[in-house]
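An overview of the molecular structure
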Amino acid sequence: MGRGSSLMRKAPKYCHGYIDCRGKPRWYLRRPGFKRVPLPGLPWSPSFMATYEAAMAGAKLEPGKRRVKVGSVTDLIATLSDCGVYSAFTNHAHHLSRHFGTLP
C-alpha cells in the first residue's frame, strides 16, 4: 500500500492517482484512446467531478494525429489522402515513399 492509501476511497473509473515527491496528491483521467487529463483536488470533490465529467464527454483522438505536425509534408499527404485527391497519385506516392522512405 502506498502513502495515504488508507485515507482514499475508490476512485471513479479510469482515474489514476499518486502522491508526488512533494507530498501532493495528483489525479489523472487515463482512458484508452484519449489524452491524459489532470484532475484538480481529491476524488468525489465538486471541482474534481466537474472536470471528470467534462473529460469523459471529450472527443476521441484519431490514431497517429498527435504525431503529425501541422504544416509538414506528412500533414499535407494525410489531408490529401483523406479528401480523395491523393488517390490519383498513388503510384507516384508509392514510388516516392519507396525512394525516400517514410516522411518525418
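All of the points below concern the structure found in this document. Every chain is numbered independently, its residues counted from 1 as its sequence is written. Totals for whole chains, interfaces and linings use all residues, but because this is a predicted model, local features are given only for residues with pLDDT of at least 70 and pairs of side-chain atoms are given and counted only at 80 or more. Hydrogens and waters are ignored; side-chain quantities use all the structure's heavy atoms.

**A few points about the overall build of the protein**
A run of DSSP states H or I qualifies as a helix once it reaches four residues; a run of E qualifies as a strand once it reaches two. Both are numbered from the N-terminal end. Within the protein one finds three helices and three strands. Scanning the protein from its N terminus toward the C terminus, one meets helices and strands in the order β-β-β-α-α-α. A total of 104 residues make up the protein; the buried ones form 14% of that total. Whether two residues touch is decided by their heavy atoms; if any such pair falls within 4.5 Å, the residues are in contact. Residue pairs at least 24 apart in sequence account for 33% of intrachain contacts in the protein once pairs closer than 6 positions are excluded. Buried means the residue's accessible area, taken with a 1.4 Å probe over protein chains only, is under 20% of the maximum for its type, while exposed means over 50%, and partly exposed covers the values in between.

**A short note on the sheet that holds strand β2 (residues 25-29)**
Strands sit in the order β1-β2-β3 across an open sheet of three strands; the sheet is antiparallel. Of all strands in the sheet, those bounded by a partner on one side alone are β1 (15-19) and β3 (37-39). Here the strands of the sheet are splayed against their neighbours by 30° on average, with no regard to which way each runs. The pairing criterion for strands is at least two bridges between them, as found by DSSP. One ladder, built from five bridges, connects β1 with β2; its direction is antiparallel. By the bridge assignment for β2, isoleucine 19 is matched with proline 25. To get an axis, fit a line to the C-alpha atoms, keeping to the stretch in contact for a helix; angles then go from 0 to 180 degrees between the N-to-C directions. Contacting β1, β2 and β3, helix α1 (residues 46-56) crosses the sheet at an angle of about 160° to β3.

**Section: the nonpolar core**
Formed by Ala11, Cys15, Trp27, Leu29, Leu39, Phe48, Tyr52 and Ala55, the largest nonpolar core amounts to eight residues. Residue assignment for this core shows that the elements contributing at least two residues are β2 and α1. At three residues, the largest contribution of residues to this core is made by α1. Excluding residues that lie within four positions of it along the chain, leucine 29 makes contacts with Lys13, Tyr14, Cys15, Lys35, Arg36, Val37, Leu39, Tyr52, Ala55 and Met56. Nonpolar core, defined: a set of buried Ala, Val, Leu, Ile, Met, Phe, Trp, Tyr and Cys residues in which side-chain atoms within 4.5 Å join the residues together.

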